[in-house]
Amino acid sequence: TLGVGPFPPGLRPLTATYRNAVYYCSQDVLLVYCSRSDDGGVTFGPGVPIYSLADCQGLHGHVKVAPDGTVYVPVAGCPSPLVDSSTSQPAVVVSRDAGLTWTVRTITTAAQGSGGDESDPSLAVAKDGTVYYSYVDARNNHIHQVRSRSHGLAWERDVDLGALAHITAAQFPAVVAGDPDRAAVAF
């Protein structure tokens with residue numbers, strides 16, 4: 001997956017020939033990597049491991065870059081449901097330093113056992129930096145929407161959209177956001 005957005009303040013390399021950073025994140029089985037391009041995607045630096053199969057499942061959603069340069073990769077289940085399906089939860093992998101280091105942050109409001117490997121999650125970032133994350137609960141296939149105003153450190157308002165709208169199953173959510181306090185979910 002590819003994502004484009006600004007460099008974090010003070011972290012734009014002097015050698016950058018393009019105004020935004022371009023991130024490429026691979027989906028792999030044992031180890032997932034992301035790399036950054038400073039020249040608009042013509043060349044990419046070395047891949048940096050963002051998580052392993054012991055941390056989370058191998059597949060992930062699309063990389064997104066916030067207005068402040070924070071990079072997010074949504075993951076359906078951490079730890080990997082293959083390792084422990086009873087404690088697996090949706091998560092986001094976050095970089096605040098232009099892709100040099102990454103941290104896995106679980107969606108703490110999701111029920112344990114809700115992370116799955118059947119459907120990639122999606123996220124979007126509003127202009128004010130609020131992260132909107134949508135995932136499919138592996139326990140009942142309902143679509144959920146949750147938000148974070150702290151770069152994924154804390155999560156709030158985990159809403160079971162499936163129960164609200166009488167939707168019995170969903171796959172492959174897609175989230176868009178723009179203005180603060182508004183996001184839309186498709187699936």
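Residues numbered from 1 in each chain as written. Predicted model: local features only at pLDDT ≥ 70, side-chain atom pairs only at ≥ 80, totals over all residues. Heavy atoms only, no water.

**Quick word on the sheet that holds strand β2 (residues 21–25)**
Across the sheet, four strands lie side by side as β1-β2-β3-β4; this open sheet has antiparallel pairing. The outermost strands of the open sheet, each flanked by one partner alone, are β1 (2–5) and β4 (48–52). Here the average twist between neighbouring strands, direction ignored, is 25°. (Pairing = 2+ DSSP bridges. Helix = DSSP H or I, 4+ residues; strand = E, 2+ residues; numbered from the N terminus. Axes fitted to C-alpha atoms, helices over the stretch in contact; angles between N-to-C directions.)

**Brief notes about the state of the cysteines**
Note: disulfide means a covalent bond formed between the sulfur atoms of two cysteine side chains. For the structure shown, the criterion picks out two disulfides. Through a disulfide, C56 is tied to C78; the S-S separation comes to 2.0 Å. Disulfide C56 to C78: torsion about the S-S bond roughly 105°, handedness right-handed. Within this pair, whereas C56 is found in the loop between β4 and β5 (64–65), its partner C78 is found in strand β6 (residues 71–78), the two being separated by 22 residues in sequence. (Disulfide = S-S within 2.5 Å.)

**Observations concerning the pairing of strand β7 (residues 89–95)**
Along any regular strand the residues' side chains alternate between the sheet's two faces. With seven of seven residues buried, β7 is to be regarded as a mostly interior element. Alignment of β7 against strand β8 (residues 103–106), held across four bridges, turns out to be antiparallel. If you follow A91 over to β8, its bridge partner there is T106. (Buried < 20%, exposed > 50% of the residue type's maximum accessible area, 1.4 Å probe, protein only.)

**Observations regarding the pattern of salt bridges**
The full count for this structure, using the stated rule, is 10 salt bridges. A salt bridge links D137 to R139, with the nearest nitrogen and oxygen atoms 2.4 Å apart. In this structure D137 comes out as buried when scored by relative accessible area, which is 1%. We note a salt bridge from E156 to R147, for which the minimum N-O separation is 2.6 Å. Exposure remark for E156: the relative accessible area of 30% places this residue in the partly exposed category. The exposure class assigned to R147 is buried, which follows from its relative accessible area of 11%. Each of D128, R147, R149, E156 and D181 takes part in one network of salt bridges that share partners. (Salt bridge = Lys/Arg side-chain N within 4 Å of Asp/Glu carboxyl O.)

**A few points about the environment of V48**
For V48, the location among the structural elements is in strand β4. Along the backbone, V48 and C25 are 23 residues apart, and their C-alpha atoms lie at a distance of 9.2 Å. Ignoring sequence-local partners within four residues, the contact set of V48 consists of V32, Y33, C34, G99, L100 and W102. (Contact = heavy atoms within 4.5 Å.)

**Focus: unusual backbone geometry**
Cis geometry marks the peptide bond from C78 to P79, where omega comes out at -5°. Locating P79 in the fold gives a position in the loop between β6 and α1 (81–84). Of note, the phi angle at N141 is positive, near 65°, even though the residue is not glycine. With respect to the helices and strands, N141 occurs in the loop between β10 (131–136) and β11 (143–148). The backbone phi angle of F172 is positive, close to 45°, even though this residue is not glycine. With respect to the helices and strands, F172 occurs in the loop between α2 (161–165) and β13 (174–177). Assessed through its relative accessible area of 51%, F172 is described here as exposed.

Note that every value here comes from positions in space, so none of it alone points to a role or purpose.
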